[in-house]
Amino acid sequence: RTITQCPMFRAVARAASARAVASLAVAPARAAAAPWAASGLSAARRVRFLATEADTEASQAMNKLLSDALEADYVMVRDVSGGCGSMYQVLVVSSKFQGVPLVKQHRMVKDALKAEIADMHGLTVRTMTPEKFEAAKAAQGGQ
């Protein structure tokens, strides 16, 4: 799928063009159907809002697949396409990455997701050892 085929992308584009024609205040049904519509967020910020809210079955399946394949301590798979499943961000924390170059770590993740990647438009991979992950959490205030 291309990004323009994504239903959420089209919805954001329609909302942005509709705002140019009329304010969102005159479209309460649309605002009720999409809580972000009345938020006053720009189209780009709405896409980020949608990306953080999306938790699709595919992302849950990839989360389990990565957890099992890499014996991961922590896995986060986020659908950043707005829910259509064409773009993902992946964070994997595993002790299997200890002493392995970054390129090989990413290759390990991509090998585990080989079948799923075939249907994707884009994938952003971030990998860490448990020690590096704990240090990053501490640097951000323990979040």
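Refer to the structure above for everything that follows.
This report concerns the structure included in the present document. Source: prediction; values computed, not measured. (Residues numbered from 1 in each chain as written. Predicted model: local features only at pLDDT ≥ 70, side-chain atom pairs only at ≥ 80, totals over all residues. Heavy atoms only, no water.)

## What to know about the nonpolar core
With 15 residues, the main nonpolar core has Leu66, Val77, Val90, Val92 and Val109 as its most contacted residues. The set of elements that each furnish at least two residues to this core consists of α4 (57–70), β1 (74–79), β2 (87–93) and α5 (102–112). Excluding its chain neighbours within four sequence positions, the residues that come into contact with Val77 are Ser59, Met62, Asn63, Leu66, Tyr88, Gln89 and Val90. (Core = buried A, V, L, I, M, F, W, Y, C linked by side-chain atoms within 4.5 Å. Buried < 20%, exposed > 50% of the residue type's maximum accessible area, 1.4 Å probe, protein only. Helix = DSSP H or I, 4+ residues; strand = E, 2+ residues; numbered from the N terminus. Contact = heavy atoms within 4.5 Å.)

## Quick word on unusual backbone geometry
Although it is not a glycine, Glu71 sits at a positive phi angle of roughly 45°. By secondary structure assignment, the location of Glu71 is in the loop between α4 and β1. For Glu71, a relative accessible area of 53% puts it in the exposed group.

## Observations regarding α4
With 14 residues, α4 should reach 20 Å at 1.5 Å per residue; the first-to-last C-alpha distance of 20 Å fits that figure. Where α4 is concerned, the buried positions are Ser59, Met62, Leu66 and Leu70. Along the axis of α4, the buried residues cluster in a sector spanning 60°; they form a single face. Turned more than 90 degrees away from the buried face of α4 sit Glu57, Lys64 and Asp68, all of them exposed. Where α4 is buried, its residues touch β1, β2, α5 and α6 (114–117). Trailing α4 by a residue or two, Glu71 shows a phi angle of about 45°, which is positive. (Expected span 1.5 Å × (residues − 1). Arc of directions from axis to C-beta.)

## Details of the environment of Gln89
Checked against the element boundaries, Gln89 lands in strand β2. For the pair Gln89 and Arg126, spaced 37 residues apart in sequence, the C-alpha to C-alpha distance is 7.9 Å. Contacts of Gln89, omitting those with residues within four sequence positions, involve Met76, Val77, Arg78, Val80 and Thr124.

## Regarding the layout of surface pockets
Space inside the largest pocket adds up to approximately 320 Å³. Taken together, 14 residues line the largest pocket, and the ones lying closest to its centre are Leu91, Arg126, Met128, Phe133 and Gln140. Put simply, the parts of the chain that give the lining of the largest pocket at least two residues each are β1, β2, β3 (122–128) and α7 (130–139). Per-class residue counts for the lining of the largest pocket are 7 nonpolar, 4 polar and 3 charged. (1 Å grid on protein atoms, 1.4 Å probe; cavity = no way out; pocket = protein on both sides within 12 Å on 5 of 7 lines; lining within 4 Å. Points joined across faces, edges and corners; volume = space filled by probe spheres on them. Nonpolar A, V, L, I, M, F, W, Y, C, P; charged D, E, K, R; others polar.)

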